[in-house]
Amino acid sequence: METQGSDKKRLWVAIAFRSFHIGLAAFMCVAAVDALENESDFDHTDIIFVAAYVFLFAVILAVFEISQFFNPFPPLHALYRQNFGFIFKPISKGVFIIFIGFLQFGLKNTFGLACGIISIADGVFLQLVYCKDSSLLVDGPVPYDPPRVPTARQQEV
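The residue numbering used here restarts from 1 in each chain and proceeds along that chain's sequence as written. Predicted model: local features are reported for residues with pLDDT of at least 70 only, side-chain atom pairs are reported and counted for 80 or more only, and whole-chain, interface and lining totals are derived from all residues. For the side-chain quantities, the full set of heavy atoms in the structure was used; hydrogens and water were omitted.

A. Representation of the overall build of the chain in the model. Helix and strand counts for the chain stand at 6 helices and 0 strands. The linear arrangement of helices and strands in the chain, starting from the amino end, is α-α-α-α-α-α. Counting over 157 residues, the chain shows a buried share of 32%. A run of H or I in DSSP becomes a helix once it reaches four residues, and a run of E becomes a strand once it reaches two; helices and strands are each numbered from the N terminus. When accessible area is computed with a 1.4 Å probe and restricted to protein chains, residues below 20% of their type maximum are described as buried, those above 50% as exposed, and intermediate ones as partly exposed.

This is the structure in structure tokens:
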């Protein structure tokens, strides 16, 4: 009976975080586009590059979180595993969101400041929830599968 309740709780926590991350990624995109629209001359290329990176990272986060709601599309899942494997673990995902939050401050607009503060708070909260009860954010312990050391006979063949 308790496992059923804990599974339901885990599902709702996962849905809440994923939904919030999708909304946060949309807010990041709005902040990046707003920073680009407010840039009237190309003398401040730093803001243009920061906005491009924020937009790119927001899209990466949003596509990942959206794909987790559905059965993962195998080529997309493999692409994320190979290139963005850190996003599958709560601690490293939290660090990634905190990094994007600090990057938001470089946009130098109100949306960037607000979104940066919210992103940093979300990344810290995600890590705190994981540290408090890791079973809420992962399906279970990942078994360690050590590499197989070949025996002398296997090396001769």
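B. Structural context of the nonpolar core. Here, the term nonpolar core denotes a set of buried Ala, Val, Leu, Ile, Met, Phe, Trp, Tyr and Cys residues that are joined through side-chain atoms within 4.5 Å. Met28, Val54, Ile87 and Leu107 are the most contacted members of the largest nonpolar core, which totals 26 residues. Breaking this core down by element, the ones donating at least two residues are helix H1 (2–38), helix H2 (45–69) and helix H4 (90–104). Contacts: residue pairs with any heavy atoms within 4.5 Å of one another. If near-sequence neighbours (up to four positions away) are discounted, leucine 107 is found in contact with Ala31, Ala32, Ala35, Ile47, Val50, Ala51, Val54 and Gly112. Residues Val13, Leu126, Val129 and Leu136 belong to the second largest nonpolar core, which totals 5 residues.

C. Structural context of the pattern of salt bridges. When a carboxyl oxygen of Asp or Glu is within 4 Å of a side-chain nitrogen of Lys or Arg, the pair counts as a salt bridge. Applying the stated criterion across every chain, the model contains 3 salt bridges. Residue glutamate 65 pairs with arginine 18 through a salt bridge whose shortest N-O separation is 3.8 Å. Of this pair, glutamate 65 sits in helix H2 while arginine 18 is found in helix H1, placing the two residues 47 residues apart along the sequence. Residue class for glutamate 65 comes out buried when judged on its relative accessible area of 0%. Given a relative accessible area of 25%, arginine 18 falls into the partly exposed group. Between aspartate 46 and lysine 108 there is a salt bridge whose closest N-O contact spans 3.7 Å. With aspartate 46 in helix H2 and lysine 108 in the loop between H4 and helix H5 (110–132), this pair connects stretches of sequence that are 62 residues apart. The network of salt bridges with common partners includes Arg18, Glu65 and Lys93.

D. Representation of H2 in the model. Here, expected helix span is obtained from the residue count minus one, scaled by 1.5 Å. With 25 residues, H2 should reach 36 Å at 1.5 Å per residue; the first-to-last C-alpha distance of 37 Å fits that figure. Along H2, the positions that sit buried rather than exposed are Ile47, Val50, Ala51, Val54, Phe57, Ala58, Ile60, Leu61, Ala62, Phe64, Glu65 and Ser67.

E. Up close: the packing of aromatic side chains. Two rings belonging to Phe, Tyr or Trp (six-membered ring only in the last case) form a pair when the distance between their centres is within 6.5 Å. Interplanar angles under 30 degrees mark stacking, angles over 60 mark edge-to-face geometry, and anything in between is tilted. Summed over all chains, the structure comprises 11 aromatic pairs. For the pair phenylalanine 27 and phenylalanine 111, a centre-to-centre distance of 6.0 Å together with 85° between the ring planes defines the contact as edge-to-face. Of this pair, phenylalanine 27 sits in helix H1 while phenylalanine 111 sits in helix H5; the two residues are 84 residues apart in sequence, bridging distant segments of the chain. Residue class for phenylalanine 27 comes out partly exposed when judged on its relative accessible area of 23%.

F. How the structure looks around the packing of H4 against H5. Axis lines are fitted to C-alpha atoms, over the contacting stretch for helices. Their N-to-C directions set the angle, which ranges from 0 to 180 degrees. Orientation of H4 relative to H5, taken along the N-to-C sense of each, is 165°, at an axis distance of 7 Å. Between H4 and H5, the crossing angle belongs to the class labelled roughly antiparallel. Judged by the sense of rotation from one axis to the other, the crossing of H4 with H5 is left-handed. Touching Pro90, Ile91, Lys93, Gly94, Val95, Ile97, Ile98, Gly101, Phe102 and Gln104 of H4 are Gly112, Cys115, Gly116, Ser119, Ile120, Asp122, Gly123, Val124, Leu126, Gln127, Tyr130 and Cys131, all from H5. Classifying every residue of the contact of H4 with H5 gives 12 nonpolar, 8 polar and 2 charged. Orientation is classified from the angle alone, with under 35 degrees giving roughly parallel, over 145 giving roughly antiparallel, 65 to 115 giving roughly perpendicular, and any other angle giving oblique. Each crossing gets its handedness from the near helix: less than a right angle anticlockwise from the far helix is left-handed, clockwise is right-handed. Residue classes follow a fixed rule: Ala, Val, Leu, Ile, Met, Phe, Trp, Tyr, Cys and Pro count as nonpolar, while Asp, Glu, Lys and Arg count as charged, and any other residue, Gly among them, counts as polar.

G. Structural context of the side chain of histidine 21. Topologically, histidine 21 is positioned in helix H1. The residues contacting histidine 21, other than those within four sequence positions of it, are Leu61, Glu65, Lys93, Ile97, Asp122 and Leu126.

H. Here's a closer look at the environment of isoleucine 100. As for its placement among the helices and strands, isoleucine 100 is situated in helix H4. Distance in space between the C-alpha atoms of isoleucine 100 and cysteine 115 is 9.4 Å, their sequence separation being 15 residues. Ignoring anything within four residues of it in the chain, the contact list for isoleucine 100 reads Met28 and Phe57.

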